[in-house]
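A closer look at the structure
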Amino acid sequence: MVINKRGLVLGATAVVLSTVAVTGAGFRLSQSQAFFQESPKETVDEVWQIINRTYLDGTFNQSDWNAIRNQYLNRSYKNQEEAYTAIREMLKTLNDPYTRFMDPKEFNNMKIDTSGELTGVGIQLTKDEKTKQLVVVSPIEDTPASKAGVLPKDVIISIDGKSTEGMELEQAVSMIRGKVGTSVKITIQRGEEKKELTLTRAKIEIHPVRARTENTPIGKIGYIRLNQFSAQASGDMSQAIRELEAEQVKGYILDLRSNPGGLLYASIEIARMWIPDGLIVSTVDRKGVTERQRANNQALTNKPLVVLVDGGSASASEILSGALQDHDRAVIVGTKTFGKGLVQSVRSLSDGSGLAVTIAKYLTPDGRDINKDGIHPDVESELSEEDRKNLQQEREQVGTFQDPQFKKGFEILEKEITEGKKTPTNTAKQ
């Protein structure tokens, strides 16, 4: 099966605010299935067929997938809503919160405009595989959520007073979304602490790349903050590197903290700007078929690089930081990343609903499967609670010498520059 990498979404997170690409259904009814036309059973079988052909786990969570098809197609459905309920029941047998069905309204909510102007509170959610809790992957920078102090790994336990126990991801997304100027109350749990926050929904402009030069005792360095791997991220990154190269910076700090990921192709294109040659990432499907993405000898700079990561750096951020780490192209500084190594295809169905399907996992150039374990930094640097609160209140200090992780990153970069780090040959990771 060939799927355009531009239609792949990494991390399987719910999109409260995120840019995704949506593929066509990739499935057409055969003549033998024509009797399902204009019947709720059509949608049920369409979902079953997609899972049957593309789902990563060929054992379907040790279930008899053919028997499940017969079970649900032998039912009578009065309307589409009954079919949707059945589909959700059917998908629960996979025990995979990232493979999920969306009714037409939920699916439309997911097809976020890629223009960069979005509406919401700025939270990206996932559903924990084990606990089934709704967990914040990351708040998006300069949004109501980040300003209110929402942090990666916070658990949302209620929305507008309604418990999220047993709540589907898309239902939570729908409840959090709303018109500009309206409010939503969420209760978060952080360890033993519970907090109730009132967030006012807003129009949010996402600028995936922010860059500047920083004057230091060793000369100019380039600071690039990448907030999201959106459709425009690679173009903005290329422009930022070229402009900083024209400024003759001596090295770079690339900030991927609280970057929840996004599009697979964006992570690959950005990796190619830093890595001159060799493997970037492998995606492996259930048949063991591996698609390898490589650098193309078009790196824009070979200067020393430090990458900042934290627990909110997920999926595409982990592909990029993992590739840079394996190639010895950068020093990774911060804390362990989120640990999301799954690839989804988001598919439109014939009745206007949608299906997100886990179809592959990705491996770093050294073959590391980081879905569970994340990327471990080369140099540990963790913010204290006081530092975290200060940076939340004074956002302009993020990525400055008032930011302890940036300061640590600069210390490492200074050492790399003064020791004259060489460009990697990448011969070991082909």
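On a predicted model such as this, the values are computed, not experimentally measured, just so you know.

Here helix α1 (residues 40-54) contains 15 residues, and its C-alpha end-to-end distance of 22 Å stays within 8% of the 21 Å for a straight helix at 1.5 Å per residue. In terms of residue burial, α1 counts as a mostly covered element, since twelve of its 15 residues are buried. Looking at the buried residues of α1, the elements they touch are α2 (65-73), α3 (80-92), β2 (100-102), β18 (342-348) and β19 (354-363).

Of note in this structure, N297 is not a glycine but carries a positive phi near 60°. Checked against the element boundaries, N297 lands in the loop between β15 (290-294) and β16 (305-309). Unlike most non-glycine residues, D328 shows phi in positive territory, near 55°. By the secondary structure assignment, D328 is in the loop between α9 (316-326) and β17 (331-334). The exposure class of D328 is partly exposed, given its relative accessible area of 48%.

Take the sheet that holds strand β12 (residues 219-226) next. Spatial ordering of the open sheet is given by β11-β12-β13-β16-β17-β20, a layout of six strands whose pairing is mixed. A strand with exactly one partner marks an edge of an open sheet, and here the two such strands are β11 (209-216) and β20 (379-380). Pairing geometry for β12 and strand β13 (residues 252-255), over four bridges, is parallel. The residue bridging Y223 from the neighbouring strand is I253, located in β13. Relative to β16, α9 is tilted by about 140°, and along the sheet it contacts β13, β16 and β17.

Turning to the packing of α1 against α3, a few remarks are in order. Where α1 contacts α3, the axes come no closer than 8 Å and their chain directions differ by 25°. Regarding the angle of α1 to α3, the classification is roughly parallel. In this structure, the crossing between α1 and α3 has a hand that is right-handed. When α1 is examined against α3, the residues P40, T43, V44, V47, W48 and I51 are found in contact with a partner set consisting of Q80, A83, Y84, I87, M90 and L91. Taken together, the residues that form the contact of α1 with α3 break down as ten nonpolar, two polar and no charged.

This brings us to the layout of surface pockets. Roughly 630 Å³ of volume is contained in the largest pocket. Taken together, the elements giving at least two residues each to the lining of the largest pocket come down to β8 (183-190) and α10 (385-393). Sorting elements by how many residues they give to the lining of the largest pocket places α10 first, with four residues. Tallied by class, the residues present in the lining of the largest pocket amount to seven nonpolar, nine polar and 13 charged. Built from parts of two domains, the lining of the largest pocket gets at least three residues from each of domain 2 (116-203) and domain 3 (207-343 + 356-417).

Rules behind the numbers
- Residues numbered from 1 in each chain as written.
- Predicted model: local features only at pLDDT ≥ 70, side-chain atom pairs only at ≥ 80, totals over all residues.
- Heavy atoms only, no water.
- Helix = DSSP H or I, 4+ residues; strand = E, 2+ residues; numbered from the N terminus.
- Expected span 1.5 Å × (residues − 1).
- Buried < 20%, exposed > 50% of the residue type's maximum accessible area, 1.4 Å probe, protein only.
- Contact = heavy atoms within 4.5 Å.
- Pairing = 2+ DSSP bridges.
- Axes fitted to C-alpha atoms, helices over the stretch in contact; angles between N-to-C directions.
- Parallel < 35°, antiparallel > 145°, perpendicular 65-115°, else oblique.
- Left-handed = near helix turned anticlockwise from the far one by under 90°.
- Nonpolar A, V, L, I, M, F, W, Y, C, P; charged D, E, K, R; others polar.
- 1 Å grid on protein atoms, 1.4 Å probe; cavity = no way out; pocket = protein on both sides within 12 Å on 5 of 7 lines; lining within 4 Å.
- Points joined across faces, edges and corners; volume = space filled by probe spheres on them.
- Domains from an automatic or database assignment.

Purely geometric stuff here, so don't read any function into it on its own.
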